[in-house]
Amino acid sequence: MTAPVTPNEQLAVRDLMTYYSYEASSVRKLTGGTAGFIFCADDQYLLKVYDDRISVTERCLQDLPSQLAVLEYLQEHTPLRNRICVPVRTVQNKFLYTHENVTGVLFRYIPGNAIGYARDYTLEEISQVAALSKALHEIDPAPIARLCPRENFQPDFCERLRQLLAQQADCLPWYFREPILDARAMLVMKSIVCQETARHLKNRNLPFVLCHTDLHGGNLIADPQGRLHIIDWENLLLAPREADLFAFSKKKGFSLFQEPTDPLVLSYYHLRRDLEDIWEFLCSILNQEYTAEEYPVILGHITRILAQIREHQ
C-alpha cells in the first residue's frame, strides 16, 4: 500500500476501513469540495468528506440522506442509470457516516474530468446535457416525492445578505471591502427584487419536475469515451424545470434544450443563484475559510458575479 502523505489522506484511509471495510491501496486528494475534502481511492471510489466548520456545510447536509436515496432510485429505475454518481452504503447499510466534525459519503468513482468553467461548452456537450436534463425532468417523481425537498420560493438568504451588508461589510478583509461596499446598495435592491419575484412565482402554481439545480461544468464529468455524467446532487429539488435550464439559457446552443421555458422563471433563477453565491462567498470570507493566497481567485469570482447582477433585468 502506498502510504498517505497528508493527515487528511490518512483519515480517509481509516474511514474507508472503519465504515466500508475497504482497504485502500492508494488515496489521493482531489481538487474541489467547497464543503470539505474529496478523495479518490484506487480509482474505484470517491470519498466526499463534509466539514461542519465550513459555513456552507449545513446547507449541503440538510437533505443529504434523502437525496442519496433518490440517487440510488435513479440508478436502479431510470434512464439515468450509469450517468450519475452512485452512493455506496456503509457496512451499517447507511448512506453516510459521521464522527467528530465530519460527515462522509462514498461514491463509485467516475473516471474522467470535469469539463470545467474556463471555456465555452461544445455543441456536443450541450447536446448531451440537454438529453440528460430532459431525461431527468421526464422521470415520474411520485415514487420518490416523499424523499425530495420542494421549491418553496422563499430565498431567505436575501434577508441574511442584507443584514450582513448592513452590519459586517466594514469587517471584511480590505481585499474585498471596497468592491462590496461599492456594490452594497445594488445588492440590497436586487435582493428585494429577488424576494418579490419569488412571491409572485409562488402564486402561479408552476409545474414541478425533478431538478439537479446545480448543472455547470464543474458538476459534469466527461469519461474517456466522452460521455457526460452528472455529479454533486446536494441541491436536488422538485422545482420548475427552469431551475436547471437557467444555467444554459444564455449559452450558444440553448435551442438544443427542447423543453418549454418561462422567461421570468429563468430570470428569477439567474438572479437567485448569483445573489446566493455572493452570500456564501461573504460568509466564507468572514468565517476565515480562505487563505490570503486564495483571495485573488475569490475576488475574481465575486467581481464576475457582481457584473452579472448589475446587468440583470
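Structure: above.
Worth saying up front: this structure is predicted, and the values here are computed from it rather than measured.

Peer 1: Describe the overall build of the protein chain, naming the residues involved and giving the relevant values.
Peer 2: From N to C terminus, the protein chain includes nine helices and 11 strands. Taken against the 2.2 N^0.38 rule, which gives 20 Å for 313 residues, the C-alpha radius of gyration of the protein chain at 20 Å falls within 12% of a compact globule. Dimensions of the protein chain, computed from C-alpha atoms along their principal axes, come out at roughly 55 × 45 × 35 Å. Across the 313 residues of the protein chain, 52% fall into the buried class. Within the protein chain, counting contacts between residues at least 6 apart in sequence, those at least 24 apart form 69% of the total. When the accessible surface of the protein chain is summed, it comes to about 15,800 Å², and 50% of that surface belongs to carbon and sulfur atoms.

Peer 1: An account of the nonpolar core is needed here, citing residue identities and associated values.
Peer 2: Within the largest apolar cluster, 87 residues are counted, with the highest numbers of intra-cluster contacts made by Leu-74 and Trp-233. Top element by residues in this core is helix α8 (residues 263-286). It accounts for 12 residues. Among the nonpolar cores identified, the runner-up in size contains 16 residues, and Val-13, Ala-24, Val-27 and Val-102 belong to it.

Peer 1: Kindly report on the pairing of strand β2 (residues 36-41), identifying the contributing residues and their values.
Peer 2: Counted residue by residue, β2 has five buried out of six residues, so it is predominantly covered. Relative to β2, strand β1 (residues 27-30) is paired through four bridges, and the arrangement is antiparallel. Looking across to β2, one finds that Leu-30 is bridged to Ile-38. Here β2 pairs with strand β3 (residues 45-51) via six bridges, running antiparallel.

Peer 1: Would you mind going over the sheet that holds strand β10 (residues 228-230) in detail, with residue names and values included?
Peer 2: Strand order in the open sheet formed by three strands is β7-β9-β10, with antiparallel pairing between adjacent strands. The two strands at the open ends of the sheet, each matched to only one other strand, are β7 (113-114) and β10. For strand β9 (residues 220-222) and β10, the ladder comprises three bridges, and the chain directions are antiparallel. The partner of Ala-222 across the bridge, within β10, is Leu-228.

Peer 1: So what about the pattern of salt bridges? Which residues, and what values?
Peer 2: A complete count under the given rule lists 13 salt bridges for this structure. Among the salt bridges present, the one from Glu-138 reaches Lys-134, with a minimum N-O distance of 2.5 Å. A relative accessible area of 54% means that Glu-138 is categorised as exposed. According to the relative accessible area criterion, Lys-134 is partly exposed, its value standing at 34%.

Peer 1: Can you tell me about the packing of aromatic side chains, naming the residues and giving the values?
Peer 2: All told, the structure shown has 15 aromatic pairs when counted by the stated rule. Arranged with centres 4.1 Å apart and planes meeting at 10°, the rings of Tyr-19 and Tyr-97 form a pair that is stacked. One end of the pair, Tyr-19, is in helix α1 (residues 7-20); the other, Tyr-97, is in strand β5 (residues 97-99), with 78 residues separating them in the sequence. The two residues Tyr-19 and Tyr-97 agree in class, both being buried. Ring geometry for Tyr-20 versus Tyr-97: centroids 6.1 Å apart, planes at 75°, classification edge-to-face. A residue pair is termed long-range when its members are at least 10 positions apart, and Tyr-20 in helix α1 and Tyr-97 in strand β5 qualify at 77 residues.

Peer 1: Got a sec to walk through the side chain of Ser-284? Specific residues and values, please.
Peer 2: With respect to the helices, strands and loops of the structure, Ser-284 is situated in helix α8. Judged by relative accessible area, Ser-284 falls into the buried class, the value being 4%. Look past the residues within four positions of Ser-284 in its chain and what remains in contact with it is Ser-55, Val-56, Glu-289 and Tyr-290.

Peer 1: Could you give an account of unusual backbone geometry, naming the residues involved and the relevant values?
Peer 2: Of note, the phi angle at Asp-43 is positive, near 55°, even though the residue is not glycine. Classification of Asp-43 by relative accessible area gives partly exposed; the value is 43%.

Rules behind the numbers
- Residues numbered from 1 in each chain as written.
- Predicted model: local features only at pLDDT ≥ 70, side-chain atom pairs only at ≥ 80, totals over all residues.
- Heavy atoms only, no water.
- Helix = DSSP H or I, 4+ residues; strand = E, 2+ residues; numbered from the N terminus.
- Rg over C-alpha atoms; globule rule 2.2 N^0.38 Å.
- Buried < 20%, exposed > 50% of the residue type's maximum accessible area, 1.4 Å probe, protein only.
- Contact = heavy atoms within 4.5 Å.
- Areas by Shrake-Rupley, 256 points an atom, 1.4 Å probe, with all protein chains shown as cover.
- Core = buried A, V, L, I, M, F, W, Y, C linked by side-chain atoms within 4.5 Å.
- Pairing = 2+ DSSP bridges.
- Salt bridge = Lys/Arg side-chain N within 4 Å of Asp/Glu carboxyl O.
- Phe/Tyr/Trp six-rings, centres within 6.5 Å; stacked < 30°, edge-to-face > 60°.

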